[in-house]
Amino acid sequence: MIKVLLSEEIHPEGKKILEGRFEVLAAPDRSEQTLISMVKDVDAIILRTTSKITRKVIENAPKLKIISRTGAGVDNVDVEAATERGILVCNLPAVNNISVCEHTIALIMHLAKQLSFMDKAVRTGNWKARNSNVSIELEGKVLGIVGMGNIGALVAKKCHDGLGMKILAYDPYVKEKFEDYDYEFTDSLERLFKEADFITLHSPETPETKGMITRELIYSMKPTAYLINAARGGIVDEQALIDALKENRIAGAGLDVFQQEPPSCDNELLRLDNVILTPHSAALTKEATIRMAVEAAKAVVDYFEGRQPKYIFNINELKNRGLM
């Protein structure tokens, strides 16, 4: 019987699609060694964000034919190693757009209205905090968006149309798609970081974008500006961000992602008052969790029932090598 390994448990609605068709196994932990020990006779892997399919895992999986991600990012898969073996790497480019977009806007609004400070003030009897004038309006503020893919574009639309924010965007690949929009594009990350009141990151982590948000860029931000990252922790120089926050060089940050996940207990971000932190949960609404599990399971079913899965991340590479 075909074996499907879950790197972590998925929503029951997704498991329901698999059960009866396949033998379904779930890894008890996310370590590479555990995955290596379990993949020897596995035909498919359904992979969540916090587990990694390395070259070593792939080398120990002689029967593996498909890796199906429950989200858009594939930075936790050695795609090259999979492609060399003719293994399909499937992802879900649009499955959590709404959830991540709304989470991003929630972080923006939380920072603008200083909700952590206000909540603590009420709980500690500091009613005078209402006169502190630390919150700001979003109307007319410049939102700098790095990466205008599905999520970045949705954030732009909702913040521009719904909150009256001005959009300053950086994305060298899709600029032409937005010629009819009231957005300004810049070819300069430096300009975006200097001018924006809020900066939100929506780029994948690739060799090109890793460490893209440098110390120099962070320190060029306005002292009243905020940085929001619900993309990937690796695209930001995290230590530089910590230093800027500690020195009050910027007003604050909203982070859903970190260089190390979960962050270690000695990570200084955990002790700073001018940052709001969430546990890489932007995509994990009730609705998106069901969609991700169901669609990732459907990709596996489609493959083994002779249909081409809807999204194959490495399809061009597989075709170029004559493996599809």
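None of the values given here were measured: they were computed from a predicted structure. (Residues numbered from 1 in each chain as written. Predicted model: local features only at pLDDT ≥ 70, side-chain atom pairs only at ≥ 80, totals over all residues. Heavy atoms only, no water.)

(A) Geometry of the UniProt feature "domain: D-isomer specific 2-hydroxyacid dehydrogenase catalytic" (unreviewed entry) in the protein chain. Mapped onto the present numbering, the UniProt feature "domain: D-isomer specific 2-hydroxyacid dehydrogenase catalytic" (unreviewed entry) falls at residues 4–312. Each end of residues 4–312 is marked by a C-alpha atom, and these two atoms are 18 Å apart; helix forms 34% of the span and strand 15%. (UniProt positions renumbered as here; feature names shortened; annotations may be inferred. Helix = DSSP H or I, 4+ residues; strand = E, 2+ residues; numbered from the N terminus.)

(B) Local environment of the layout of surface pockets. Counted as a void, the second largest pocket has a volume near 270 Å³. Contributing to the lining of the second largest pocket are 15 residues, with Gln114, Ser116, Phe117, Asp273 and Asn274 lying nearest its centre. Going through the elements one at a time, helix 5 (97–112), helix 6 (115–123) and strand 12 (275–277) are the ones with two or more residues in the lining of the second largest pocket. Sorting elements by how many residues they give to the lining of the second largest pocket places helix 6 first, with 4 residues. In terms of residue class, the lining of the second largest pocket is made up of 8 nonpolar, 5 polar and 2 charged. (1 Å grid on protein atoms, 1.4 Å probe; cavity = no way out; pocket = protein on both sides within 12 Å on 5 of 7 lines; lining within 4 Å. Points joined across faces, edges and corners; volume = space filled by probe spheres on them. Nonpolar A, V, L, I, M, F, W, Y, C, P; charged D, E, K, R; others polar.)

(C) Structural view of the sheet that holds strand 1 (residues 3–6). The 5 strands lie next to each other as 2-1-3-4-5, forming an open sheet whose pairing is parallel. Of all strands in the sheet, those with a lone pairing partner are strand 2 (23–26) and strand 5 (88–90), marking the two edges. Averaged over all adjacent pairs, the angle separating strand axes in this sheet is 20 degrees, with direction ignored. Both strand 1 and strand 3 (residues 44–47) contribute to a ladder of 3 bridges, which runs parallel. By the bridge assignment for strand 3, Leu6 is matched with Ile46. Taken strand by strand, helix 11 (residues 286–304) contacts strand 1, strand 3, strand 4 (66–69) and strand 5, and its axis lies near 155 degrees from that of strand 4. (Pairing = 2+ DSSP bridges. Axes fitted to C-alpha atoms, helices over the stretch in contact; angles between N-to-C directions. Contact = heavy atoms within 4.5 Å.)

(D) Helix 10 (residues 238–246), seen in detail. By the criterion of burial, helix 10 is predominantly enclosed, with 7 of the 9 residues buried. The set of residues buried in helix 10 consists of Glu238, Ala240, Leu241, Ile242, Asp243, Ala244 and Leu245. Packing partners of the buried residues in helix 10 comprise helix 9 (215–219), strand 10 (226–229), strand 11 (252–255) and strand 12. One side-chain oxygen at the N-terminal end of helix 10 lies 3.3 Å from the backbone nitrogen of Gln239; it belongs to Asp237. Looking one or two residues past helix 10, Asn248 carries a phi angle of roughly 55 degrees, positive in sign. (Buried < 20%, exposed > 50% of the residue type's maximum accessible area, 1.4 Å probe, protein only. Polar contact = N/O pair within 3.5 Å; in protein donor to acceptor, adjacent residues only side chain to side chain.)

(E) Structural context of the sheet that holds strand 8 (residues 184–185). Sheet architecture is open: 7 strands sit in the order 8-7-6-9-10-11-12, paired in parallel fashion. The open sheet has two edge strands, strand 8 and strand 12, and neither has a second partner. Note that strand 11 and strand 12 share 3 bridges and pair parallel. Residue pairing in the sheet places Leu255 in a bridge with Leu277 of strand 12. Against the sheet, helix 5 engages strand 6 (142–146), strand 9 (198–201), strand 10, strand 11 and strand 12, with an angle of about 155 degrees to strand 10.

(F) Region of the structure containing empty space enclosed by the protein. The final tally for this structure, using the stated rule, is 1 cavity of 30 Å³ or more. The space that makes up the largest cavity amounts to roughly 40 Å³. When its residues are assigned to classes, the lining of the largest cavity shows 4 nonpolar, 2 polar and 1 charged.

(G) Spatial organisation of helix 5. The terminal C-alpha atoms of helix 5 lie 23 Å apart, and with 16 residues this matches the ideal 22 Å at 1.5 Å per residue to within 8%. Those residues of helix 5 that sit buried are Asn97, Ser99, Val100, Cys101, His103, Thr104, Ile105, Leu107, Ile108, Leu111 and Ala112. Once helix 5 ends, the next one or two residues include Gln114, with phi positive near 50 degrees. (Expected span 1.5 Å × (residues − 1).)

(H) Examining unusual backbone geometry more closely. Along the chain, Glu261 connects to Pro262 via a cis peptide bond; the corresponding omega equals -10 degrees. By the secondary structure assignment, Pro262 is in the loop between strand 11 and strand 12. Look at Asn133: it is not a glycine, yet its phi comes out positive at around 55 degrees. Within the element layout of this structure, Asn133 appears in the loop between helix 6 and strand 6. Despite not being glycine, Asn248 shows a phi value in the positive range, around 55 degrees. Relative to the helices and strands, Asn248 is located in the loop between helix 10 and strand 11. The class of Asn248 is exposed, set by a relative accessible area of 56%.

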